Amino acid sequence: MIRYVLIRLLGFVATLLGAAIITFFVLDLLPGDPARFMLGITATPESVAQLRQTLGLDAPAPERFFGWIGGMLSGDFGLSYTQRAPIAGLIAERMGITLPLALMAMLLSIAIGLPIGIAAARRRGTAADTTLMGLMQIGVAIPNFWFGMLLVLLFAVALRWLPPGGFVPWSQSPGGAFASLILPALALGVPQAAILARVMRTALVDVAGADFIRTARAKGLTRQQALWRHGVRNALLPVLTILGLQFAYLIAGTVIVENVFYLPGLGRLIFTAISERDLILVRGAIMVLVVAVSLTMLLVDLLYAGVDPRLRRSGT
């Protein structure tokens, strides 16, 4: 088990290092002068030279790269050119919206997708199975931003149950902040629940024909008892993979949904930084997303070891 964890931790560190190199040098090697790109074509040579000195662009690339890495490790992501504020503070403030939104969407995906997938597998080949999987196929095909607009029309415009957009700060009203995230979380979580339900149903159907299920049936368990006691746990391996990928998608997918619902989260911060040519802020925000996604996949790998004892024994 220790060897397995060490291998996964080394992979996590290597992933972050590779992502940092790509993120830094891709933005650094853009055609033209980054300072002139940020200021626009009407900038004077003096203002361009001053910005280059402020951003440290006059130093060699390796020196700037290691300085950037060292700053991030110490919590200093630099200073936003457009907002004149520390990037770490901006990202931390926006993560207070994006992270709860992604968690709410993930919980909704699990609460909706897993029971539907299990119910469809238990009724395999029946009309209920066909109906549930047909509805899930529709859910997979619906774009989350369009589904979010439908939710606004129903729950905000027609029924007036929830706010159509915007965000109430947590410090001002926790209930209002939670209500502001319900519709965006549904827009993100329901399409993912449809994917999760289909994966869970397929995994359980595959497990139902395994030898250990037949052995459990031979010992006197009913088909449903064998699936619940032995099948669900073995079917969780592909489901864990999907959950890890879904959470990574939910964090990155907030870029569109946050703009639909006017949420001042990390996704909208990245969109604003791109439109304002704030490359330093874009670089820092991208690395935060990389860290969040990599941590999620590391957690999934560790959960694999908890579900599958073969991984703990082999360490690979």
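Since the structure is predicted, the reported quantities are computational estimates derived from the model, not experimental observations.

What counts and what doesn't
Residues numbered from 1 in each chain as written. Predicted model: local features only at pLDDT ≥ 70, side-chain atom pairs only at ≥ 80, totals over all residues. Heavy atoms only, no water. Helix = DSSP H or I, 4+ residues; strand = E, 2+ residues; numbered from the N terminus. Contact = heavy atoms within 4.5 Å. Areas by Shrake-Rupley, 256 points an atom, 1.4 Å probe, with all protein chains shown as cover. Lys, Arg positive; Asp, Glu negative; His and termini not counted. Charge placed at Lys NZ, Arg CZ, Asp CG, Glu CD. Domains from an automatic or database assignment. Buried area = accessible area lost by both parts, 1.4 Å probe. Salt bridge = Lys/Arg side-chain N within 4 Å of Asp/Glu carboxyl O. Polar contact = N/O pair within 3.5 Å; in protein donor to acceptor, adjacent residues only side chain to side chain. Nonpolar A, V, L, I, M, F, W, Y, C, P; charged D, E, K, R; others polar. Buried < 20%, exposed > 50% of the residue type's maximum accessible area, 1.4 Å probe, protein only.

Peer 1: So what exactly am I meant to see when it comes to the overall build of the chain here?
Peer 2: Along its length, the chain carries 13 helices and 0 strands. Shown N-terminal to C-terminal, the secondary structure of the chain runs as helices and strands in the order α-α-α-α-α-α-α-α-α-α-α-α-α. Viewed in the frame of its principal axes, the chain has a C-alpha envelope of about 85 × 55 × 35 Å. In the chain, 73% of the contacts between residues at least 6 apart in sequence involve partners at least 24 apart. Carbon and sulfur atoms form 69% of the exposed surface of the chain, whose accessible area is close to 16,200 Å². Looking at the chain, you have 25 positive and 15 negative side-chain charges, and the mean spots of the two groups are 18 Å apart.

Peer 1: Would you explain the domain arrangement of the chain in this entry?
Peer 2: Interfaces are often sized by the accessible area lost when the parts come together. Parsing the chain into structural domains produces domain 1 (1–86) and domain 2 (88–308). Using only C-alpha atoms to locate each centre, domain 1 and domain 2 end up separated by 31 Å. Between domain 1 and domain 2, the contact holds 31 residues from the first and 24 residues from the second. Approximately 2,500 Å² of surface area, both sides summed, lies buried where domain 1 meets domain 2, with 72% of it carried by carbon and sulfur atoms. Taken together, the links from domain 1 to domain 2 amount to 0 salt bridges. Taken together, domain 1 and domain 2 are joined by 4 residue pairs in polar contact (both at pLDDT 80 or more). Breaking the side of domain 1 that touches domain 2 down by element, the ones donating at least two residues are α1 (2–28), α2 (34–39) and α4 (61–73). Among the elements that take part in the side of domain 1 that touches domain 2, α1 stands out by supplying 13 residues, more than any other. Per-class residue counts for the side of domain 1 that touches domain 2 are 22 nonpolar, 7 polar and 2 charged.

Peer 1: Looking at this structure, I do not really get the environment of Thr254. What am I missing?
Peer 2: By the secondary structure assignment, Thr254 is in helix α10 (residues 223–260). Owing to a relative accessible area of 1%, Thr254 belongs among the buried residues under this scheme. The spatial distance from the C-alpha of Thr254 to the C-alpha of Pro184 is 8.8 Å, given a sequence separation of 70 residues. Not counting residues up to four positions away in its chain, the partners in contact with Thr254 are Thr98, Leu101, Leu188, Asn259 and Gly267.

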